[in-house]
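Chain by chain, the residues run as shown.
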Amino acid sequence: MADDATFEKFKGCAVEVLQVSPDAIVPEASFADDLDADSLDLVELVMALEEAFDITVEEDEIENVSTVGEAYTLITSKL
Amino acid sequence: MQLGRTPSGEPISGHRVVVTGIGAVTCCGVGADALFAGLLDERFNDDRTIPDFDPSAFFGPKEVRRVDRFAQVSLAAAVEAFESSGISDLSGDRFGVIFGTGIGGMTTLTAQERVLSGKGANRVSPFLAPMIMPNAGAAQIAMRLGANGPVETVTTACAAGTHSLGAAARLVASGRVDVAIGGGGEAVMDPLTFAGFANMTALSNSGISRPFDVDRDGFVMSEGAGALVLESLDHALARGATILAEVLGAASTADAFHITAPREDGAGAARCMELVLLDAGLSPTDVGHINAHGTSTPLNDRAEAVAISAVFGPEAPPVTSAKGVTGHSLGGAGAIEAVASVMTIERSVIPPTAGLTNIDPAIELDVVHGSARPLERPIVLSNSFGFGGHNGCLILGAFA
């Protein structure tokens, strides 16, 4: 399940946690290079997404996440 | 001030240490000028929070959520002090920070405890540890201003600000650094903190801070921070700095008596005052004014008065407590009062003790109240005493 509304909800979390422009949240954006987000930022973002989507993400699942698209695929795989 | 003693007991002189910058954020407003105006006019924010403090002036939108308010106010005071010093070219290796707090990030801790109990361990902020640690203020200051020298935190409750300034001054006197920022900050206006202090009967029931008054009934808690830029005299002269005052002495002792109550005879506090005079090479009659700890608690003000009388005798210089205006900002208090002491010297005026109407007849001191008074000798002793029995004293004087 992945549609525009889901992505908007995802984007809302990212904008709130990372304090970036909504326009910057695009699939190819790199958390480290484009969004100035370090590993703790990513932890905080995942916590917000877990809460928003009522899902659970294990720590090792985010180890290989480096772009917005990868994070979005991970989240939507759990819906 | 002295660096220490030789094995044969001779004092060792170090660099002279001068004050070249001051900063304060208090319930009188943002800035050292707002503090001193508040002290002179007896004006303050009623709930003793800092009016018009905007953390986004100091931190980006992401950062502002990840720095506890105590560290935010600490940074604000330090940045003001540093900017007012006019220092522009400084090696990070020759620059230190000694910044105290009494408690640290208590409001973050209580908020995250609510997250833990309400939503579970997985929702607790990954920023909990760097937000609550008491050294967060010192670390934020070091990162912002580029201090790579010793950067440390002193946590001696309500004496932390004064002890930090003493340690920072000694660091400069030793030659390890050319410049050190010393100070302290606190922001724990949190129901848990209020409850703890209230239940130990330290807080005022009336909500009025009235140091040395016969009707005083406890301290009034406030938030705030103060900071001084301390610099070796040679370094300050070489860059043509404006010198605001000189740190003439610092001292620290402990009561080793009770975890919260001061000794009734004030012996630990008196010894601290004797030692700071010795460090400064001054006699009691050289001191023109005492900026007291004066918390407005029955026990502190009586013990402090006994200690001052023991050291200075019946001719003790005029005393003021800033806490009639500022309330008590715990680890921030000593640093805020050091800023007030520097400004007292600069402007040759002793602010009155707000809230004081009828002086306690058991207190044999000349407490300035009602209106300000001229400063006759430009040497000021500032006292701080903390739970745990920690005593701290500083002597500041006009630079000559």
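Residues numbered from 1 in each chain as written. Chains lettered and ligands numbered in written order. Predicted model: local features only at pLDDT ≥ 70, side-chain atom pairs only at ≥ 80, totals over all residues. Heavy atoms only, no water.

S.K.: Just give me the short version of the overall build of chain B, but keep the residues and values in it.
M.R.: Each helix and strand in chain B was counted, giving 12 helices and 15 strands. By its C-alpha atoms, chain B is 60 × 50 × 40 Å across when sized along the principal axes. Relative to its full complement of 400 residues, chain B shows a buried share of 58%. Look at the contacts in chain B between residues 6 or more apart in sequence, and 79% of them connect residues 24 or more apart. A total of about 14,600 Å² of accessible surface is found on chain B, and carbon and sulfur atoms cover 53% of it. One finds the centroid of the 25 positive side-chain charges in chain B at a distance of 7 Å from the centroid of its 41 negative side-chain charges. (Helix = DSSP H or I, 4+ residues; strand = E, 2+ residues; numbered from the N terminus. Buried < 20%, exposed > 50% of the residue type's maximum accessible area, 1.4 Å probe, protein only. Contact = heavy atoms within 4.5 Å. Areas by Shrake-Rupley, 256 points an atom, 1.4 Å probe, with all protein chains shown as cover. Lys, Arg positive; Asp, Glu negative; His and termini not counted. Charge placed at Lys NZ, Arg CZ, Asp CG, Glu CD.)

S.K.: Before we move on, can you summarise the overall build of chain A with the specific residues and values?
M.R.: For chain A, the count of helices and strands is four helices and zero strands. For chain A, the C-alpha radius of gyration of 11 Å lies close to 12 Å, the compact-globule estimate for 79 residues. When the backbone C-alpha atoms are referred to their principal axes, chain A occupies close to 30 × 25 × 20 Å. Considering chain A as a whole, with its 79 residues, one finds that 44% of them fall into the buried category. Intrachain contacts of chain A at a sequence separation of at least 6 include 54% that bridge at least 24 residues. (Rg over C-alpha atoms; globule rule 2.2 N^0.38 Å.)

S.K.: Please provide a residue-by-residue account of the packing of helix α1 (residues 32–41) of chain B against helix α12 (residues 333–347) of chain B, values included.
M.R.: Residues and elements named next belong to chain B. Where α1 meets α12, the axes come as close as 10 Å, and the angle between the chain directions of the two elements is 75 degrees. Here α1 is positioned roughly perpendicular relative to α12, judged by the angle of their axes. In contact with Ala32, Asp33, Leu35, Phe36 and Leu39 of α1, α12 contributes Ile336, Val339, Ala340, Met343, Thr344 and Arg347. For the contact of α1 with α12, a count of residues per class yields eight nonpolar, one polar and two charged. (Axes fitted to C-alpha atoms, helices over the stretch in contact; angles between N-to-C directions. Parallel < 35°, antiparallel > 145°, perpendicular 65-115°, else oblique. Nonpolar A, V, L, I, M, F, W, Y, C, P; charged D, E, K, R; others polar.)

S.K.: Account for the nonpolar core, with residues named and values stated.
M.R.: Residues and elements named next belong to chain B. Core analysis: the largest hydrophobic core is formed by 44 residues, its most contacted members being Val19, Ile22, Leu228 and Leu230. Mapped by element, the contributors of at least two residues to this core are β3 (17–26), α1, α6 (160–174), β8 (224–232), β9 (245–254), α12, β12 (349–350) and β15 (390–397). Looking at which element gives the most residues to this core, the answer is α12, with eight residues. In terms of domain composition, this core takes at least three residues from each of domain 1 (17–238) and domain 2 (247–397). Judged by nonpolar contacts, the second largest core, of 32 residues, contains Ile87, Phe95, Ala225 and Val229. (Core = buried A, V, L, I, M, F, W, Y, C linked by side-chain atoms within 4.5 Å. Domains from an automatic or database assignment.)

S.K.: Mind laying out the interface of chain A and chain B, listing which residues take part and the relevant values?
M.R.: Counting residues at the interface gives 15 residues for chain A and 11 residues for chain B. Surface buried jointly by chain A and chain B totals about 1,100 Å² across both partners, of which 44% is contributed by carbon and sulfur atoms. In this assembly, chain A and chain B are joined by six salt bridges. The interface formed by chain A and chain B includes nine residue pairs in polar contact (both at pLDDT 80 or more). Per element, the largest residue contribution to the side of chain A that touches chain B is seven residues, and it comes from helix α3 (residues 39–53) of chain A. In terms of residue class, the side of chain A that touches chain B is made up of eight nonpolar, one polar and six charged. (Buried area = accessible area lost by both parts, 1.4 Å probe. Salt bridge = Lys/Arg side-chain N within 4 Å of Asp/Glu carboxyl O. Polar contact = N/O pair within 3.5 Å; in protein donor to acceptor, adjacent residues only side chain to side chain.)

S.K.: Quick rundown of empty space enclosed by the protein? Include the residues and the values.
M.R.: A probe as big as a water molecule, rolled over the atoms, marks out the empty space that is left. All names here are of chain A. Evaluated as defined, the whole model comprises two cavities of 30 Å³ or more. One number sums up the size of the largest cavity: a volume of about 50 Å³. If you go around the largest cavity, the residues you meet are Phe31, Leu42, Leu45, Val46, Leu49, Ile62, Val65, Ala71, Leu74 and Ile75. Those elements giving two or more residues to the lining of the largest cavity turn out to be α3 and α4 (68–76). For the lining of the largest cavity, the element with the highest residue contribution is α3, accounting for four residues. Estimates place the volume of the second largest cavity at around 40 Å³. (1 Å grid on protein atoms, 1.4 Å probe; cavity = no way out; pocket = protein on both sides within 12 Å on 5 of 7 lines; lining within 4 Å. Points joined across faces, edges and corners; volume = space filled by probe spheres on them.)

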